[in-house]
Amino acid sequence: LNRHYFALPTNPGEQFFMFCTLAAWLITKAGHHFEQPQEYDDPNAIISKILSELRSFGRPVDFPPSKLKAGYGEQACYVLDCLAEEALKYTGFSWKRPVYPTEELEEEEIIEDDAELTLNKLEEEVAEEESDNEENFIDLNVLKAQTYKSDISYSVKQEEILESTTDAAEWNLEVERVLPQLKVTVRTDNKDWRIHVDQMHQHKDGIESALKETRGYLDKLHNEISRTLEKINSREKYINNQLEHLVQEYRSAQALLSEAREKYQEGSGGVTERIKVLSEITEELERVKQEMEEKGSSMTDGAPLVKIKQALTKLKQETVQLDIRIGVMEHTLLQSKLKEKSNMTRDMHATVIPETTVGAY
C-alpha cells in the first residue's frame, strides 16, 4: 500500500476490504479481540463493530457510518490513525530522534581533453607535489636560515643591473606552443555561488540597458498623465462652480427623501402591527362562526331526537323482557315451594318412613 492509498479513490470495493482488514489487525494489535472480516460479510455490521471498538478506546466518532463504506476519505484515514496510535500505545512504542543520512553530491563526468588543463587536474598535481615535498621534510629553523640567506643574496642581486638574455621571437614561439595547455576549464555547477553572481551581474546589466530605453517612455508617459490630471482638475473646478446650485438642490432633495423614508418606515411599522391584529381578529371570527354553525346544525338536526326515541323503545322492550323473566322465575319458585310443602305434609302423616326417604334426608 502506498501512503495515499486511503486518501484517493481508486477501487472502492478493494479499498473497503483493505480498510476493514487493516482496522481489524490494528484492533488486535491494540489488545482487543476482533475477528478478521471476510470479503462477503455485511459491510454495515463490520463498520459498526469497528466504530464500537473505536469508541471503547475513548475516541470520538462524530460522523455517520455510511462515510466508511467507500473505504477512502478523511473519515477512513481518521479511524486508521486513531487505531494505529492505540496499537503503538499498547505495544509501548516510543519515537526516537530522526537520523538524517548524509547526502553525497554526485560528481558529473567531464570529458577531459588532452589539450586542456582542468581545475581538478591542477588540484591533483598540487596534491602530488605536496606529498612529494612531505618526504623531504625541512626543519623550521633550517628554513628560516635559508630564507635569511636568500634575502641577503636577493638584496645583493638588486644592486646589480638586471639584463635578460632571452630572445623575444623564441619567447613568443614558446608561448604559442604552451598556450593551449594553459587553458583552465572550471566545471560548471548550478549550486556554485560564482555562477549565481555571474547571473546576477548579467541580469543587472540587462535591467540597466532596458531601463535606459524605457525611462524615456516612462518620463514621457508621466508628463502626459500629469498634464491630463491638471486638465481634469481644472474641468472639475469649473463644473463644480457651474453646478453649485444644482448640488444644493440635490442635497435638499436627499434630505427630504431621507425624511420621507423615515416616515414611511414608521407608517409601515404601524400598518404591520394593525395587519397582525386584523389577522388575529379574523381567526377569532372564523372560529366563532364555525362554533355557531355547529350549534345551529345540532339544533335544527332531528337525528339526536330520533336516536333518543329509538333508545327509549329499546329500553321498553328490554323492560318487558325482564318483567317476563321475573314472572317466570317467581312462578318456578312458587311451584318449588308448594311441592316442598306438600312433601313435608305427606311425610308427617306417614306412619312408616321408608329407608330411601331417610337416606335422602
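Residues numbered from 1 in each chain as written. Predicted model: local features only at pLDDT ≥ 70, side-chain atom pairs only at ≥ 80, totals over all residues. Heavy atoms only, no water.

**Brief notes about the overall build of the protein chain**
Stated formally: By the criteria applied, helices consist of DSSP H or I runs no shorter than four residues and strands consist of E runs no shorter than two, each listed in order from the N terminus. Exposure classes here rest on a 1.4 Å probe applied to the protein chains alone. A residue is buried below 20% of its type maximum, exposed above 50%, and partly exposed in between. Residues count as neighbours in contact if any of their non-hydrogen atoms are within 4.5 Å of one another. Only the protein chains shown count as cover for residues, and the accessible areas themselves come from Shrake-Rupley with a 1.4 Å probe.
If you tally the helices and strands in the protein chain, you get 10 helices and 2 strands. Reading the protein chain from its N terminus to its C terminus gives the helix and strand order α-α-α-β-α-α-α-β-α-α-α-α. The buried share of the protein chain, taken over its 361 residues, is 11%. Within the protein chain, residue pairs in contact and separated by at least 24 positions form 58% of the contacts whose partners lie at least 6 positions apart. Accessible surface, the protein chain as shown: approximately 32,400 Å² in total, 57% of it carbon and sulfur.

**Observations regarding the nonpolar core**
Worth spelling out the cut-off: For our purposes a nonpolar core is just a set of buried Ala, Val, Leu, Ile, Met, Phe, Trp, Tyr and Cys residues, chained together by side-chain atoms within 4.5 Å.
Formed by 26 residues in total, the largest nonpolar core has its most connected members in F19, I50, L68, V79 and L83. Of all the secondary-structure elements, those providing two or more residues to this core are α1 (12-29), α2 (43-56) and α3 (74-91). For this core, the element with the highest residue contribution is α1, accounting for 7 residues. Beyond its immediate chain neighbours, meaning those up to four positions away, L68 contacts F16, F19, I47, L51, F63, Q75, A76 and V79.

**Some thoughts on the side chain of Q15**
The criterion, for reference: Whenever two N or O atoms come within 3.5 Å, that pair is a polar contact, provided that in protein one can donate a hydrogen and the other can accept it, and provided that, for residues adjacent in sequence, both atoms are side-chain atoms.
Following the sequence through the fold, Q15 ends up in helix α1. Of the polar contacts made by the side chain of Q15, one reaches the side chain of T10; its length is 3.3 Å. Non-local contacts of Q15, meaning those with residues more than four positions away in its chain, are made with Y5, F6, L8, P9, T10, A70, G71 and Y72.

**Observations regarding the packing of α1 against α3**
Convention followed: Note on geometry: axes are C-alpha line fits, over the in-contact stretch for helices, and angles between N-to-C directions span 0 to 180 degrees. Any angle that is under 35 degrees is reported as roughly parallel, and any over 145 degrees as roughly antiparallel; angles of 65 to 115 degrees are reported as roughly perpendicular and all others as oblique. By convention, the crossing between two helices is left-handed when the near helix turns anticlockwise from the far helix through less than a right angle, and right-handed when the turn is clockwise.
The N-to-C vectors of α1 and α3 enclose an angle of 25°; their axes lie 8 Å apart at closest approach. Classified by the interaxial angle, the pair formed by α1 and α3 is roughly parallel. The two elements α1 and α3 meet at a crossing, and its hand is left-handed. Touching F19, L22, A23, L26, I27 and K29 of α1 are A76, V79, L80, L83, A84, A87, Y90 and T91, all from α3.

**As for the packing of aromatic side chains**
Within a pair of aromatic rings, the relevant descriptors are the distance that separates the centres and the angle that separates the planes. Stated formally: Here the aromatic set is Phe, Tyr and Trp, taking the six-membered ring for Trp, and pairing holds for ring centres within 6.5 Å; pairs whose planes are under 30 degrees apart are stacked, those over 60 apart are edge-to-face, and all others are tilted.
Under the definition given, this model contains 3 aromatic pairs. Measuring from ring centre to ring centre gives 5.0 Å for Y5 and F6, while their planes differ by 90°; the resulting arrangement is edge-to-face. Accessibility classification places Y5 together with F6 in one group, the buried group. Taking the centre distance of 6.3 Å and the plane angle of 85° together, the rings of F63 and Y78 count as edge-to-face. Pair noted here: F63 is in the loop between α2 and α3 and Y78 is in helix α3, with a separation of 15 residues, a long-range link. On the accessibility criterion, F63 (12% relative accessible area) is buried. Of the residues examined, Y78 reaches a relative accessible area of 28% and is grouped as partly exposed. Taken together, Y5, F6 and F19 form an aromatic cluster joined through their ring pairs.

**Section: the environment of F34**
Its place among the elements puts F34 in the loop between α1 and α2. A relative accessible area of 12% means that F34 is categorised as buried. Taking the C-alpha atoms as reference points, F34 and A24, 10 residues apart in sequence, are found 6.1 Å from one another. Dropping the residues within four chain positions of it, F34 is found in contact with A24, I27, T28, K49, I50 and E53.

**Focus on the confidence of the model for the protein chain**
Under the convention used in this document: Known as pLDDT, the predictor's per-residue confidence is scaled from 0 to 100.
Looking at the protein chain, the pLDDT average stands at 80 and 77% of residues meet or exceed 70. Averaged pLDDT values for the elements of the protein chain fall to 49 in strand β1 (residues 117-118) and rise to 91 in helix α9 (residues 303-349).

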